[in-house]
Number of protein chains: 4
Amino acid sequence: MGESFGNWSFGDDPGLRKWITTASLACGFHAGDPVTMIEAVDASLEAGIAIGAHPGLPDLLGFGRRVMNISQEDGYAYLLYQVGALSAILASRGAALHHVKPHGALGPMINDSAPLTEALLRVVEEVMDEPLLYWPAGREDSVVITTAQERGIPIVFEFYPDLEYRASGDFVLRRRSAAVQSGDAVTRVQRFLATGEVETVDGTILRLDCHSICIHGDSPTAAEHAAAVACALKEFGYELNAATRASVLAHMT
Amino acid sequence: MGESFGNWSFGDDPGLRKWITTASLACGFHAGDPVTMIEAVDASLEAGIAIGAHPGLPDLLGFGRRVMNISQEDGYAYLLYQVGALSAILASRGAALHHVKPHGALGPMINDSAPLTEALLRVVEEVMDEPLLYWPAGREDSVVITTAQERGIPIVFEFYPDLEYRASGDFVLRRRSAAVQSGDAVTRVQRFLATGEVETVDGTILRLDCHSICIHGDSPTAAEHAAAVACALKEFGYELNAATRASVLAHMT
Amino acid sequence: MGESFGNWSFGDDPGLRKWITTASLACGFHAGDPVTMIEAVDASLEAGIAIGAHPGLPDLLGFGRRVMNISQEDGYAYLLYQVGALSAILASRGAALHHVKPHGALGPMINDSAPLTEALLRVVEEVMDEPLLYWPAGREDSVVITTAQERGIPIVFEFYPDLEYRASGDFVLRRRSAAVQSGDAVTRVQRFLATGEVETVDGTILRLDCHSICIHGDSPTAAEHAAAVACALKEFGYELNAATRASVLAHMT
Amino acid sequence: MGESFGNWSFGDDPGLRKWITTASLACGFHAGDPVTMIEAVDASLEAGIAIGAHPGLPDLLGFGRRVMNISQEDGYAYLLYQVGALSAILASRGAALHHVKPHGALGPMINDSAPLTEALLRVVEEVMDEPLLYWPAGREDSVVITTAQERGIPIVFEFYPDLEYRASGDFVLRRRSAAVQSGDAVTRVQRFLATGEVETVDGTILRLDCHSICIHGDSPTAAEHAAAVACALKEFGYELNAATRASVLAHMT
């Protein structure tokens, strides 16, 4: 969320805020200029939504969704700057950062890279008093997950009902998000809640273990989508809350 | 300082660090990408130099030295983002921001504007536990100075021996800094130390009251310049230290 | 038009293209990245629409609508680069630039500046075999108009029914365009067509002489607006065509 | 050349211009803002130097030297915009583009990609009346070379005495160019002129067939380097001239 830029607005953030407990806000590199960030922080705090950082690649033209061959030093600096800026904005409101979740192509880039993992974890540890990381469910072989666990950084695993999964646990990330039929998303969420299973684009079955369900704010149907998912969760008896470190740590053991 | 950007290096920061007690670091908008900022922070901390934020206009092409018609909301957001990012980088090293000093055209723009003054002071108060502002000496009629004093924010007044003053107390800020003869700067500093006076471009005499002498890092002769000024200060019996809030507050009353 | 940027879309360009004869396309500085520009060029050519350049200030964050203190050298270079790039894209399609029309704050900045006027006219003469300039009607005292006439550069004068005029002939340009009631715009256009008069925000009457009626593409109601204005023009017996140099020159004498 | 940006100057272009016949100028994406481009064009024309376009990736922070996962549509648009802008600047001086040579990571990216090759060749054909491409010698298996030859686009092959070659014909491209000892470069050039051979970093021998010797302008020793190479060429009896299509085409058959 918070992915507008200057005069260009993006997504239906007010619509989404009615249904969510937790937001990951763009930090100015792939989207989200300072004015937008502050507006998004203030509106989220007013709505009682926990705020995480969604730092991205320095690529406005590609919305941070194009892999770039950055170094560890670059990665560390870009993450520290962005997460630090959002953290300071929150501190100016007496609030604190809830989590860090890399945006777009930066996620898969870090997922497969020990040097970038070190950059990310160092930033999470340096900026947050109580580090918390968000990561896609289904990536158990990721160096991020192994290393975070070694260092005692809890991870909230996310399920993305608006993306198409591959058998590898990877998913299809398009430059521009397509509209997803809410019916499809609800069906996927209901199946997942009932069985823990997701059907992949290859027709195989993937089992995922997650703490959080993520709706991408740049989809044209995001708000409708979020409403349907929130409703499905309630039908299955879940109460919606922002993740706490305690609950995640309890879940891990 | 810290005004390199990507592959473009700028100024002789290692040379300057031998002579100064306090640095104002660019924060990514007019200069100073995240990698550069972190390098500048680490080198300054190692040299025992106090670090302030030098936030600028979002104008890389013009090095933040072109007046832009930004709103109060813009100004507040640009300042909070930049000062916040640098503050978070410092916090990640266990250090804290020493002061805030607007860069380039942003300074004169704020000097004459009550809405931008409000934006700046709010950021200084929100980001710094112990607010400290740097401002040019000779601007006693500025709304910044009056308002900061009302709100109890101490100001370090600066004298710029490498700029040419006008009779109004204003000075000539060029897009690209010219080399200044160190001899000229030393002469100006010596006269100023002896008499408190500066000769303006109009030939009139200006009396300035200052706590700090600033050398602009982008001048080709900055390091030589800093050495000569440091030497002159010592000759006049001054010991060079970073300003403290206590000393500034004592000086104010 | 063509004011999208990367993933951020902007305006209803397909809707507008049904009603207009001539488009001014953003050139990458205030809006309009290269992919967007090429899409806008191709769609406009297919629709038989004449294409002009709409170069702006290097200020994505402010959408080119914030006055910046640029030099003549800056202005000349920014205009030549942007107009040249669009002209080359058109040439790659066997088409030629129809006109040049500065965007946002650049227009009023040039209107009052002899050095920037020289920058603009030099670019128009250097890039276009048959120079044609667009300028707001009601600015007869502008150095641009006087100088263009001396140099034999024809000017198409524009009337903006979606902006509010001041008695000075100037108009109110907001950072973000407000929705205008089509009824209001139609009323203004009808009155203007019947009498040549516009009522200003001060309640005074302004007489304007124009060759073209401009609809701003970033207003949420732009397409509806354009349809209503096109309809009103037809009711008054006008046939809608892109301006030709010949017709403008004939009108001038 | 022309790789300064705003206040950041880069390279010793005046020094280089004394020794070269042909320059490839940055076009604003990886380096080279419009003011810099125009200055570089005017100085090159005055020195009688043929001017080619050196378009890069939209990555100022990484100086266009970081691979980015751009699409064919992106590549075509970025190249057309940049090459078109430089071409228009040249046309405004009555001059024409001599050649196109992709910068930094864009070269290797295109070298291995049929879609990006199509993007590049289409731009060269669309913008230049007499297409001419520069490409590294030693890449005979490149899809660029095969396709250009099929389409009748002549290629000037370049040898880089200031880079280290690998046995594959590929070379080591660092984010920041290191200073090369002129002695080393001269030794390499002399050996190459005598034998057509280059020693790789692996110690193997590579045979290269080239029309042009390129000196990278961002090396701190570029001008000294260029002087030494020009001298070596003269010692071997070569007369230095900008490549002509006719001479390249003659060489190809």
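Everything that follows concerns the structure shown earlier in this document.
In what follows, the accompanying structure is described.

Quick notes on the rules
Residues numbered from 1 in each chain as written. Chains lettered and ligands numbered in written order. Predicted model: local features only at pLDDT ≥ 70, side-chain atom pairs only at ≥ 80, totals over all residues. Heavy atoms only, no water. 1 Å grid on protein atoms, 1.4 Å probe; cavity = no way out; pocket = protein on both sides within 12 Å on 5 of 7 lines; lining within 4 Å. Points joined across faces, edges and corners; volume = space filled by probe spheres on them. Nonpolar A, V, L, I, M, F, W, Y, C, P; charged D, E, K, R; others polar. Least-squares fit on C-alpha atoms with pLDDT ≥ 70 in both. Contact = heavy atoms within 4.5 Å. Salt bridge = Lys/Arg side-chain N within 4 Å of Asp/Glu carboxyl O. Helix = DSSP H or I, 4+ residues; strand = E, 2+ residues; numbered from the N terminus. Buried < 20%, exposed > 50% of the residue type's maximum accessible area, 1.4 Å probe, protein only. Buried area = accessible area lost by both parts, 1.4 Å probe. Polar contact = N/O pair within 3.5 Å; in protein donor to acceptor, adjacent residues only side chain to side chain. Expected span 1.5 Å × (residues − 1). Phe/Tyr/Trp six-rings, centres within 6.5 Å; stacked < 30°, edge-to-face > 60°. Lys NZ or Arg CZ within 6 Å of the ring centre and 35° of its normal.

**Some points on empty space enclosed by the protein**
Piece 1. This structure, assessed with the given rule, holds 2 cavities of 30 Å³ or more.
Piece 2. The volume enclosed by the largest cavity comes to roughly 1400 Å³.
Piece 3. Lining the largest cavity are 42 residues, with Phe 5 and Leu 60 of chain A, Leu 60 of chain B, Leu 60 of chain C together with Leu 60 of chain D sitting closest to its centre.
Piece 4. Of the residues assigned to the lining of the largest cavity, the class counts are 28 nonpolar, 6 polar and 8 charged.
Piece 5. Approximately 40 Å³ is the volume attributed to the second largest cavity.
Piece 6. Residue composition of the lining of the second largest cavity, by class: 2 nonpolar, 3 polar and 3 charged.

**Observations concerning the relation of the copies chain A and chain D**
The operation linking the two copies of the chain is a rotation about an axis combined with a translation along the axis.
Piece 1. When chain A is fitted to chain D, the best match, at an RMSD of 0.0 Å, comes from turning it 180 degrees and sliding it 0.0 Å along the axis. Given the turn and translation reported, the copies of this chain are related as if by a two-fold rotation axis. Ranked by how close their C-alpha atoms come to the rotation axis, the residues of chain A are headed by Met 68 of chain A, at 2.2 Å.
Piece 2. Most of the interface of chain A is mirrored in chain D, where 100% of its interface residues again form contacts.

**Things to note about the pattern of salt bridges**
Piece 1. Applying the stated criterion across every chain yields a total of 56 salt bridges over all chains.
Piece 2. Close ionic contact of Glu 125 of chain C with Arg 151 of chain C constitutes a salt bridge, the shortest N to O distance being 2.9 Å. Placement of Glu 125 of chain C in helix H5 (residues 114-127) and of Arg 151 of chain C in the loop between helix H6 (143-150) and strand E5 (155-159) is noted, with a sequence separation of 26 residues between them.
Piece 3. Classification of Arg 151 of chain C by relative accessible area gives partly exposed; the value is 29%.
Piece 4. One salt bridge in this structure joins Arg 166 of chain D and Asp 170 of chain D, with 3.2 Å as the shortest N-O distance.
Piece 5. Owing to a relative accessible area of 28%, Asp 170 of chain D belongs among the partly exposed residues under this scheme.

**Concerning the interface of chain A and chain D**
A common way to report how large an interface is uses the accessible area buried once the components associate.
Piece 1. If you look at the interface, chain A gives 12 residues, while chain D gives 12 residues.
Piece 2. When the two sides are added together, the surface that chain A and chain D hide from each other amounts to roughly 930 Å², 48% of it contributed by carbon and sulfur.
Piece 3. Here chain A and chain D share 2 salt bridges between them.
Piece 4. Residue Arg 66 of chain A is joined to Asp 74 of chain D by a salt bridge in which the shortest nitrogen-to-oxygen separation is 3.0 Å.
Piece 5. Remark: the boundary between chain A and chain D carries 6 residue pairs in polar contact (both at pLDDT 80 or more).
Piece 6. Here the side of chain A that touches chain D is composed, by residue class, of 6 nonpolar, 2 polar and 4 charged.

**Here we look at helix H3 (residues 72-92) of chain C**
Piece 1. In this model H3 of chain C runs 30 Å from its N-terminal to its C-terminal C-alpha over 21 residues, within 8% of the 30 Å that 1.5 Å per residue would give.
Piece 2. Downstream of H3 of chain C by a residue or two, Gly 94 of chain C has a phi angle that is positive, lying close to 75 degrees.

**Some words on the packing of aromatic side chains**
Piece 1. This structure, assessed with the given rule, holds 42 aromatic pairs over all chains.
Piece 2. Plain terms: the ring middles of Tyr 165 of chain B and Phe 171 of chain B are 5.6 Å apart, the flat faces sit at 80 degrees to each other, and that makes the pair edge-to-face. Like Phe 171 of chain B, Tyr 165 of chain B is buried.
Piece 3. Pairwise contacts between aromatic rings join Phe 29, Tyr 78 and Tyr 81 of chain A together with Phe 29, Tyr 78 and Tyr 81 of chain B into one cluster.
Piece 4. The ring centre of Tyr 76 of chain B lies 4.1 Å from the NZ or CZ of Arg 122 of chain B, which sits over that ring.
Piece 5. In this arrangement the basic side chain of Arg 139 of chain B is found over the ring face of Phe 171 of chain B, its NZ or CZ atom lying 4.9 Å from the centre.

Shape is all these values report; function is a separate question.
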